[in-house]
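Understanding the architecture of this molecule
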Amino acid sequence: MTTTMTLRLDPELKNRLDQLAKAMHRSKSFLAVQALQDFIELNEWQVGEIESAIKEADQGDFASQQAVSQTLSKWRVGGS
């Protein structure tokens, strides 16, 4: 089952979508759905990671100074 959604695109973006759809032999709808799926998946992941990090921070779950120093040393950051 699908549903319909109306979008307002500026003329330049619509033209780019038209050209890409033609070049890829795909419909504009197909490309728009793919773009929305990719955007939502990426942002759901990012928001989930941020929420997880905030939860850890609220619980005081931080890296020790030693762990931070070891990581920085491994990458030769901030020192000799």
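Scroll up to find the structure.
Residue numbers restart at each chain and count upward from 1, following the sequence in its written direction. In keeping with the predicted nature of the model, local features appear solely for residues at pLDDT of at least 70, side-chain atom pairs appear and are counted solely at 80 or more, and the whole-chain, interface and lining totals rest on all residues. Only heavy atoms go into the side-chain values, all of them from the structure, while hydrogens and water stay out.

Remarks on the overall build of the protein chain
- Strands are runs of DSSP state E lasting at least 2 residues, helices are runs of H or I lasting at least 4, and numbering of each runs from the N terminus. Looking only at helices and strands, one finds 3 helices and 0 strands in the protein chain.
- Listing the helices and strands of the protein chain from first to last along the sequence gives α-α-α.
- The C-alpha radius of gyration of the protein chain comes to 22 Å, more than 25% above the 12 Å expected for a compact globule of 80 residues.
- Each of the three principal axes of the protein chain carries a C-alpha extent, and together these read 55 × 35 × 20 Å.
- Under the scheme applied here, a residue whose accessible area is under 20% of the maximum for its type counts as buried, over 50% as exposed, and between as partly exposed, the area being computed with a 1.4 Å probe on protein chains only. By the burial criterion, 2% of the 80 residues in the protein chain qualify as buried.
- All accessible areas in this document rest on Shrake-Rupley with a 1.4 Å probe, and a residue is counted as covered only by the protein chains that are shown. Surface exposure of the protein chain reaches about 7800 Å², of which carbon and sulfur atoms provide 56%. In this description the radius of gyration comes from C-alpha coordinates, and the expected globular size is given by 2.2 Å times residues to the power 0.38.

Observations concerning a nonpolar patch on the surface
- Residues enter a patch when their relative accessible area is above 30% and they make no salt bridge; the linking distance is 9 Å between like charges and 5 Å between nonpolar side chains (Val, Leu, Ile, Met, Phe, Trp, Tyr). Any carboxyl oxygen of Asp or Glu within 4 Å of a side-chain nitrogen of Lys or Arg constitutes a salt bridge here. A contiguous nonpolar surface patch, about 680 Å² in accessible area, is contributed by Met 5, Leu 7, Leu 9, Leu 13, Leu 36, Phe 39 and Ile 40.
- In terms of residue count, helix H2 (residues 28–58) provides more of the nonpolar patch than any other element does, 3 residues in total.
- Residue classification places Met 5 among the exposed residues on the basis of a relative accessible area of 60%.

Examining the pattern of salt bridges
- For the structure on display, the rule yields 2 salt bridges.
- Residue Lys 14 pairs with Asp 18 through a salt bridge whose shortest N-O separation is 2.9 Å. Placement of both Lys 14 and Asp 18 in helix H1 (residues 11–24) is noted, with a separation of 4 residues, approximately one turn of the helix.
- The exposure class assigned to Asp 18 is partly exposed, which follows from its relative accessible area of 24%.
- Residues Lys 28 and Asp 18 are paired through a salt bridge, measuring 3.3 Å at the closest nitrogen-oxygen approach. Here Asp 18 lies in helix H1 and Lys 28 lies in helix H2, a separation of 10 residues in the sequence.
- Given the relative accessible area of 39%, Lys 28 is considered partly exposed.

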